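Overview (structure and organization)
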Amino acid sequence: MNEVMAELAKVQPEVTFVKLEAEAVPEVSEKYEISSVPTFLFFKSSQKIDRLDGAHAPELTKRVQRHASSASFPAPSSSAPKEDLNVRLKRLINAAPCMLFMKGSPQEPRCGRYMLHIDGAGVSRVDYDTFDILEDEEVRQGLKTFSNWPTYPQLYVRGELIGGLDIVK
């Protein structure tokens, strides 16, 4: 798994990877209830957002990509041209065949309508990705205008807006 992490670090330079020996830092192992190695913890804004126990390279790769695509990274320096918002929104909408823009994450939804949306759409039975619109105000406001849909969650399938909770139900 060390080689997998090294490769992921190359292809996801915006993600920080940290390796700790569980025995060397028992307080961390205890705090996060690590009972087997390897265990992978995912953090965003100093909060744990996901966990993967065991040596599952494909699943680790999938989760790193998913969290990296939904992450809000620092703005690029002024020397790099800023990506056009509409181009960025199209890229995010098409980041997965089924894409849900929501408040929070599936692990920690910040909107009570999330579970109703997922169940009503049948999304719980298909592979989908999410984007936390609370992490990026530009995307949050821009997507409302781009899609002419004023509320969240917003569900897209193959780049097409399906709608919000009422339409999906």
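Residues numbered from 1 in each chain as written. Predicted model: local features only at pLDDT ≥ 70, side-chain atom pairs only at ≥ 80, totals over all residues. Heavy atoms only, no water.

By the naming in an unreviewed UniProt entry, the chain is Glutaredoxin-3, taken from Engystomops pustulosus.

Some details on helix H4 (residues 85-93)
Within H4, burial applies to Arg88, Leu89, Leu92 and Ile93. Seen from one end, H4 has its buried residues packed into an arc of 135°, which puts them on one side. Two or three places before asparagine 86, at the start of H4, stands the capping residue aspartate 84, its side-chain oxygen 3.2 Å from that residue's backbone nitrogen. (Buried < 20%, exposed > 50% of the residue type's maximum accessible area, 1.4 Å probe, protein only. Helix = DSSP H or I, 4+ residues; strand = E, 2+ residues; numbered from the N terminus. Arc of directions from axis to C-beta. Polar contact = N/O pair within 3.5 Å; in protein donor to acceptor, adjacent residues only side chain to side chain.)

So, the pairing of strand E2 (residues 47-53)
Looking down a regular strand, the side chains alternate between one sheet face and the other. In this structure, strand E1 (residues 39-44) lies alongside E2, joined through six bridges in antiparallel fashion. Looking across to E2, one finds that phenylalanine 42 is bridged to aspartate 50. What sits between the antiparallel neighbours E1 and E2 is a turn of two residues, in which serine 45 has the positive phi angle 55°. (Pairing = 2+ DSSP bridges.)

So, the packing of aromatic side chains
Inspection of the entire model under this criterion finds three aromatic pairs. For the ring pair phenylalanine 101 and phenylalanine 131, a centre distance of 5.7 Å and an interplane angle of 45° mean the geometry is tilted. Highlighted residues: phenylalanine 101 in strand E3 (residues 98-102) and phenylalanine 131 in strand E4 (residues 129-132), separated in sequence by 30 residues. We classify phenylalanine 101 as buried; its relative accessible area is 0%. When its relative accessible area of 1% is taken as the criterion, phenylalanine 131 is described as buried. Considering the side-chain rings of phenylalanine 101 and tyrosine 156, the 5.5 Å spacing of their centres and the 80° angle between planes classify their relative orientation as edge-to-face. Of this pair, phenylalanine 101 sits in strand E3 while tyrosine 156 is found in strand E5 (residues 154-157), placing the two residues 55 residues apart along the sequence. Three or more aromatic residues joined by ring pairs form one cluster here, namely Phe101, Phe131 and Tyr156. (Phe/Tyr/Trp six-rings, centres within 6.5 Å; stacked < 30°, edge-to-face > 60°.)

With respect to the confidence of the model for the chain
On average, residues of the chain score 80 in pLDDT, and 82% of them are at 70 or above. Looking at the elements of the chain, mean pLDDT is at its lowest for helix H5 (residues 114-121), recorded as 50, and at its highest for helix H6 (residues 137-147), recorded as 93. Per-residue pLDDT stays below 50 along residues 72-79; that stretch engages in four contacts with residues further than four places along the chain or on separate chains. Predicted confidence is poor over residues 119-123, with pLDDT under 50, and the contacts of this stretch with residues over four places away or in other chains come to eight contacts. (pLDDT = per-residue confidence, 0-100. Contact = heavy atoms within 4.5 Å.)

Brief notes about the packing of H4 against H6
It is the contact of H4 with H6, at a shortest axis distance of 10 Å, that shows an interaxial angle of 90°. In terms of their interaxial angle, H4 and H6 are classed as roughly perpendicular. Across the interface between the two elements, Leu85, Asn86, Arg88, Leu89, Lys90, Leu92 and Ile93 of H4 pack against Glu138, Val139, Gly142, Leu143 and Phe146 of H6. Looking at the contact of H4 with H6, its residues break down into seven nonpolar, two polar and three charged. (Axes fitted to C-alpha atoms, helices over the stretch in contact; angles between N-to-C directions. Parallel < 35°, antiparallel > 145°, perpendicular 65-115°, else oblique. Nonpolar A, V, L, I, M, F, W, Y, C, P; charged D, E, K, R; others polar.)

Observations regarding the pattern of salt bridges
Applying the stated rule across the entire model yields nine salt bridges. In this structure, lysine 10 and glutamate 7 form a salt bridge, with 3.8 Å as the shortest nitrogen-oxygen distance. In this pair, lysine 10 and glutamate 7 both sit in helix H1 (residues 2-11), three residues apart, roughly one turn of the helix. Notably, a salt bridge pairs glutamate 138 with arginine 88, separated by 3.6 Å at the nearest N-O pair. With glutamate 138 in helix H6 and arginine 88 in helix H4, this residue pair connects regions lying 50 residues apart in the sequence. Residue arginine 88 is classed as buried on the basis of its relative accessible area, which comes to 15%. Look at the salt bridges and you will find they share partners, linking Asp50, Glu59, Arg63 and Arg66 into a network. (Salt bridge = Lys/Arg side-chain N within 4 Å of Asp/Glu carboxyl O.)

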